[in-house]
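So you can see what is in the structure, the chains are spelled out below.
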Amino acid sequence: MTPILTLALLSIVLCLLTMPVALALGVSSLVVMLAWPGPPLLLAAQKILNGMDSFSLLAIPFFLLAAQLMNAADITQRIIAVLNAGLGRFRGGLAHVTVGANMFLAGISGSSVADAAATGSVMIPAMKREGYPGGFAAALTAAAAVCGPIIPPSIPLVIYGVVAKVSILKLFAAGYVPGVLLGLGLFAYVAWAARRRGFPMAEAPGMAEIARRVRHGSLALLMPVLLVVGIVGGIFTVTELGAVLVVYALAVGFLAYRTLGLRQVPRLVGDVALESANVMFVVGVSSLVAYLVVFHQIPTALMQFLGETTDSRIVVLLLFNLVLLVAGMFLDSTPATIILVPIFLPLARKYGIDPTHLGLVMVFNLMVGLVTPPVALNLYITARIAAVPIWRALVEMVPLFVLLLAILAFVTFAPEAMLWLPRVLGL
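Below you will find a few notes about this structure. (Residues numbered from 1 in each chain as written. Predicted model: local features only at pLDDT ≥ 70, side-chain atom pairs only at ≥ 80, totals over all residues. Heavy atoms only, no water.)

Comments concerning a nonpolar patch on the surface
Taken together, the side chains of Leu-5, Leu-9, Ile-12 and Leu-16 make up a nonpolar region of the molecular surface, amounting to roughly 430 Å² of accessible area. Assignment of secondary structure puts Leu-5 in helix H1 (residues 2-16). (Patch = residues over 30% accessible without salt bridge, like charges linked within 9 Å, V, L, I, M, F, W, Y side chains within 5 Å. Areas by Shrake-Rupley, 256 points an atom, 1.4 Å probe, with all protein chains shown as cover. Salt bridge = Lys/Arg side-chain N within 4 Å of Asp/Glu carboxyl O. Helix = DSSP H or I, 4+ residues; strand = E, 2+ residues; numbered from the N terminus.)

Concerning the packing of helix H9 (residues 155-164) against helix H18 (residues 355-368)
For the pair H9 and H18, interaxial distance at closest approach is 10 Å and the crossing angle is 140°. What the angle tells us is that H9 and H18 run oblique. Between H9 and H18 lies a crossing whose hand is right-handed. For the pair H9 and H18, contact is made by Pro-156, Leu-157 and Tyr-160 and by Pro-355, Leu-358, Gly-359, Leu-360, Met-362, Val-363 and Met-367, respectively. (Axes fitted to C-alpha atoms, helices over the stretch in contact; angles between N-to-C directions. Parallel < 35°, antiparallel > 145°, perpendicular 65-115°, else oblique. Left-handed = near helix turned anticlockwise from the far one by under 90°. Contact = heavy atoms within 4.5 Å.)

Some points on the packing of helix H10 (residues 168-197) against helix H20 (residues 390-413)
Put simply, H10 and H20 touch, their axes get as near as 10 Å, and they point 150° apart. Here the hand of the crossing between H10 and H20 comes out right-handed. Along the contact surface, H10 presents Pro-178, Leu-181, Leu-182, Gly-185, Leu-186, Tyr-189 and Arg-197, while H20 presents Glu-396, Pro-399, Leu-400, Leu-403, Leu-404, Ile-407, Phe-410 and Val-411.

Details of the nonpolar core
Within the largest apolar cluster, 135 residues are counted, with the highest numbers of intra-cluster contacts made by Ile-75, Tyr-160, Leu-182, Phe-320 and Leu-358. In terms of residue count, H10 provides more of this core than any other element does, 13 residues in total. Once you skip the residues sitting within four places of it in the chain, Tyr-160 turns out to touch Lys-165, Val-166, Leu-171, Thr-337, Val-341, Leu-345, Pro-355, Leu-358, Gly-359 and Met-362. (Core = buried A, V, L, I, M, F, W, Y, C linked by side-chain atoms within 4.5 Å. Buried < 20%, exposed > 50% of the residue type's maximum accessible area, 1.4 Å probe, protein only.)

Observations concerning the pattern of salt bridges
One pass over the structure, following the stated rule, counts three salt bridges. A salt bridge links Glu-396 to Arg-197; the nearest nitrogen and oxygen atoms lie 2.9 Å apart. Taken together, the positions of Glu-396 in helix H20 and Arg-197 in helix H10 put the pair 199 residues apart, joining distant regions of the chain. Note on Arg-197: relative accessible area 33%, which makes it partly exposed.

Comments concerning the layout of surface pockets
Its boundaries defined by the atoms lining it, the second largest pocket holds a volume of some 440 Å³. Forming the boundary of the second largest pocket are 21 residues, of which Val-163, Lys-165, Ser-287, Ala-290 and Pro-342 lie nearest the centre. Counting only elements with at least two residues in the lining of the second largest pocket, the list comes to helix H3 (42-52), H9, helix H14 (264-295) and helix H17 (333-350). Residues belonging to the lining of the second largest pocket are distributed by class as follows: 13 nonpolar, four polar and four charged. (1 Å grid on protein atoms, 1.4 Å probe; cavity = no way out; pocket = protein on both sides within 12 Å on 5 of 7 lines; lining within 4 Å. Points joined across faces, edges and corners; volume = space filled by probe spheres on them. Nonpolar A, V, L, I, M, F, W, Y, C, P; charged D, E, K, R; others polar.)

Describing the side chain of Glu-396
Overall, Glu-396 belongs to the buried group, its relative accessible area being 15%. Among the polar contacts made by the side chain of Glu-396, one reaches the side chain of Arg-197 at a distance of 2.9 Å. Ignoring any residue separated from it by four or fewer positions in sequence, one finds Glu-396 in contact with Pro-133, Gly-135, Phe-136, Ala-139, Tyr-189 and Arg-197. (Polar contact = N/O pair within 3.5 Å; in protein donor to acceptor, adjacent residues only side chain to side chain.)

Digging into helix H7 (residues 112-129)
If you check H7, its first and last C-alpha atoms are 25 Å apart, about what 18 residues at 1.5 Å a residue would give, namely 26 Å. The sharpest bend along H7 comes to roughly 45°, located at Gly-120. Taken as a whole, H7 has its buried residues at Ser-112, Asp-115, Ala-116, Ala-118, Thr-119, Gly-120, Met-123, Ile-124, Ala-126 and Met-127. Of the residues trailing H7, Gly-131 is marked for its positive phi of about 100°. (Expected span 1.5 Å × (residues − 1). Bend = angle between axes of the 7 residues up to and from the residue.)

Structural notes on the packing of aromatic side chains
All told, the structure shown has four aromatic pairs when counted by the stated rule. Ring centres 4.2 Å apart and planes at 15° place the aromatic pair Phe-320 and Phe-344 in the stacked group. A residue pair is termed long-range when its members are at least 10 positions apart, and Phe-320 in helix H16 (residues 313-330) and Phe-344 in helix H17 qualify at 24 residues. Like Phe-320, the residue Phe-344 is buried in the burial classification. Members of the aromatic cluster, joined through ring pairs, are Tyr-132, Phe-136, Tyr-189 and Trp-192. (Phe/Tyr/Trp six-rings, centres within 6.5 Å; stacked < 30°, edge-to-face > 60°.)

Side note on empty space enclosed by the protein
For the structure shown, the criterion picks out two cavities of 30 Å³ or more. Taken as a whole, the largest cavity holds about 40 Å³ of empty space. Residue lining of the largest cavity: Pro-149, Ile-150, Leu-157, Gly-175, Pro-178, Leu-360, Val-363, Phe-364 and Val-411, and that is the complete set. Contributions of two or more residues to the lining of the largest cavity are made by H10 and H18.

So this is what it looks like as structure tokens:
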């Protein structure tokens, strides 16, 4: 236990000194390997490379590139225009559109932070112009972006599937249930808040205008359909699915909408390459940390401790949630997933917890961390876009946080509801 405790404390200290997470974990791992006899240092390089050596991880740059192309080709704006035609007529219409846009974009990007920035840059200024408080706009957008890694495609679910050796397509199918549930909960909250706080109603567009917006956005609306068809029909692997989304975004941007310039593509590819390299470096270093956790027999010690303490699956799930919520407050989902899966998975199997269900619980918990201080990356991004102090967004976040925890409890303790769709699809 002492080596891993040292690794954790040293990593936290280095992160507080503003060292990047991957470097902090890597330096801490090397210190532990030098201070305690065990695996040779040469094994560190091997474990880092092995952690990145997975065909399924190729899906990550494809999903990121598809999202970048979508934004550059103005596909995001067309989707928002269509949603505004349908949802904008209700009280609090722009807030409803914000939730709907994040749910829809979640079916393309797979990244919560990317969705928060993309929808926030469009919807938060629009909401402020209509009289919505900036803190409310920031908090709602940050919470709605939590849908991103839950509704497929999902980068955290891909990473979990690789580490836990669980079918990623099955994880994707299961992700629709909590993702849609979260979206419906946010719609209900917006309806309640709109009536209570007197948010504005937009004038309903005529049928001709609705038809025009749908016609202009129809090709954009088909992108998530490709994903659903690919999953349900088993037509593509996850990596192939990412490549298909990229090709489709290129075709729509270049040929159909003609909003994507050839000169933009190298810059977008370069940005995605840097972002993907950062993700893969974190994956590799986190794999080394996960190896050290197993080497120092932390899972075995925890199994022995829990075996002597409780035989309740509910208690174990509560423990998982507590650890994951705290981890999500400080760590990005990638290192947290890779480090904690080797600890949680043996315990989950011992207590009869389905690995697919465990994946949903882990990802949902870690996404809640994106709106939970002290890091709260989503909230800091949206508060900056809204040009409001972070404390205002935090105050508006309180009821949304309660909603997120309520849905998390349902996801945790209703595994049959979470897994019914993969079973129906025969995955």
